[in-house]
Amino acid sequence: MIDSHAHLDDEAFDEDRDEVINGLYENGIDFIVNIGCDLKSSEKCFELSEIYENIYATVGVHPHDAKTYDDDLEKRLIELAGGKKIVAIGEIGLDYFYDNSPRNVQKEIFKRQLALAGKLKKNVVIHSREASQDTFDILKDAHEKYDFTAVIHCYSQSVEMLKEYLKMGDYISLGGAVTFKNSKNPKEVAKVVPLERLLLETDCPYMTPVPFRGKRNEPKYVNLVAEYIAKLRDMTKEDLVKITDSNTKRFYNIS
Ligand SMILES: [Zn+2]
């Protein structure tokens, strides 16, 4: 199966990155999409996608690092986005939980990268934390101006909000949080989201699903996310994954 959102460039994999990547297939993972967060990780994403057959990647600047975004950085992103396995712009968005960049800067850079995605004809990967309404408003406005589809990764917003995203043609992605005891929204959403709009992810090395919570997350644990959601929906894991894998390929335009 596919892990649609991973961060194997993260320093948590510095000791054994090669081993993890080369072991993906025997752990049941066909390929992963490695997601960029800042310029450095976007460079690394590009590099990994060039070296390894089973890695596709995205480039973009996370809201945490919105304050680092300038014209030179954007120029470099455009170059990297030209890589033949760079399949989207992301992760971009808003994070009002950490507020690592000022909110007005986060909003400005989010809009700017949506415009960039429109120009480059790429889909976008969205990070949104404690910023539900602003994320939605900015995305809605961008949908009116540019032609793209978004995936709201690690979706933790309400079912009501989900309906609004679905109306705009967007996707959501669920990961380890769905297995956490105290996570109400992801479980409710997992039960009702139309299956053709759902992607599965790990967000590794973060968000490790139960029963490995607290340990480093890895792409192979996307299997546990699939198992959990399949149970919630009263279907087999195989049937679920067949649909979510084909969604991932469609969303990222991977054949
Ligand atoms: Zn992520």
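These lines cover the structure that appears in this document, whether it is placed above or below.

What counts, and where the lines are drawn
Each chain has its residues counted from 1, running along the sequence as written. Since the coordinates come from a predicted model, pLDDT governs what is reported: local features require at least 70, and pairs of side-chain atoms require 80 or more to be given and counted, while whole-chain, interface and lining totals use all residues. The side-chain quantities take in all heavy atoms of the structure and omit both hydrogens and water. When DSSP finds at least two bridges between two strands, those strands are taken to pair. Working definition: helices are DSSP H or I runs of at least four residues, strands are E runs of at least two. Numbering for both runs from the N terminus. Between N-to-C directions, angles cover 0 to 180 degrees, with each direction set by a line fitted to C-alpha atoms, over the stretch in contact for helices. Two residues form a contact once any of their heavy atoms are found within 4.5 Å. Under the scheme applied here, a residue whose accessible area is under 20% of the maximum for its type counts as buried, over 50% as exposed, and between as partly exposed, the area being computed with a 1.4 Å probe on protein chains only. A crossover counts as right-handed when, viewed with the strands pointing away from the observer, the path leading from the first strand over the helix to the second turns clockwise. A carboxyl oxygen of Asp or Glu within 4 Å of a side-chain nitrogen of Lys or Arg is what we treat as a salt bridge. Orientation labels follow simple angle bins: below 35 degrees gives roughly parallel, above 145 gives roughly antiparallel, 65 to 115 gives roughly perpendicular, and whatever is left gives oblique. Note on convention: the crossing is left-handed when the near helix lies turned anticlockwise from the far helix by less than a right angle, right-handed when the turn is clockwise. In this classification, Asp, Glu, Lys and Arg are treated as charged, Ala, Val, Leu, Ile, Met, Phe, Trp, Tyr, Cys and Pro as nonpolar, and every other residue, Gly included, as polar.

A closer look at the sheet that holds strand β7 (residues 171-174)
Strand order across the open sheet formed by eight strands is β1-β2-β3-β4-β5-β6-β7-β8, with parallel pairing between neighbours. A strand with exactly one partner marks an edge of an open sheet, and here the two such strands are β1 (2-6) and β8 (198-200). For this sheet the average axis-to-axis angle between neighbouring strands, irrespective of direction, equals 30°.

Focus: the environment of Val-192
Secondary-structure assignment places Val-192 in helix α7 (residues 184-192). Sequence separation between Val-192 and Leu-162 is 30 residues, and the spatial gap between their C-alpha atoms is 9.6 Å. Non-local contacts of Val-192, meaning those with residues more than four positions away in its chain, are made with Val-159, Leu-162 and Arg-233.

Topic: the pairing of strand β4 (residues 86-95)
The buried fraction of β4 amounts to ten of the ten residues, a majority that puts the element mostly inside the structure. Where strand β3 (residues 55-59) meets β4, three bridges bridge the pair, whose relative direction is parallel. Looking across to β4, one finds that Thr-58 is bridged to Ala-88. Summarising the sheet, β4 and strand β5 (residues 123-129) pair through seven bridges and their orientation is parallel. Bridge pairing links Ile-92 to Ile-126 in β5. In the classification by handedness, the crossover that spans β4, the intervening helix α4 (residues 103-120) and the parallel β5 is right-handed.

Examining the pattern of salt bridges
Under the counting rule described, the total for this entry stands at 16 salt bridges. For Asp-134, the salt bridge goes to Lys-107, with nearest N and O atoms at 3.7 Å. Remark: Lys-107 occurs in helix α4 and Asp-134 occurs in helix α5 (residues 132-145); sequence separation between them is 27 residues. In this structure, Lys-167 and Glu-164 form a salt bridge, with 3.1 Å as the shortest nitrogen-oxygen distance. Here Lys-167 and its partner Glu-164 are both found in helix α6 (residues 159-167), three residues apart, which amounts to about one turn of the helix. Among the residues examined, Glu-164 registers a relative accessible area of 28% and is labelled partly exposed.

Digging into the packing of α4 against α5
Packing of α4 against α5 leaves a shortest axis separation of 10 Å and a crossing angle of 30°. What the angle tells us is that α4 and α5 run roughly parallel. At the point where α4 passes α5, the crossing takes the right-handed sense. Along the contact surface, α4 presents Lys-107, Phe-110, Lys-111 and Leu-114, while α5 presents Asp-134, Thr-135, Ile-138, Leu-139 and Ala-142. Looking at the contact of α4 with α5, its residues break down into five nonpolar, one polar and three charged.

Some details on unusual backbone geometry
Omega for the peptide link from Gly-90 to Glu-91 comes to 5°, which places this bond in the cis form. Inspection of the secondary structure puts Glu-91 in strand β4. Cis rather than trans, the peptide bond between Cys-204 and Pro-205 has omega equal to 15°. Mapped onto the elements, Pro-205 comes out in the loop between β8 and α8 (222-232). Phi at Asp-203 is positive, roughly 60°, even though this residue is not glycine. Despite not being glycine, Met-207 shows a phi value in the positive range, around 55°. Positionally, Met-207 belongs in the loop between β8 and α8. A relative accessible area of 26% places Met-207 in the partly exposed class.

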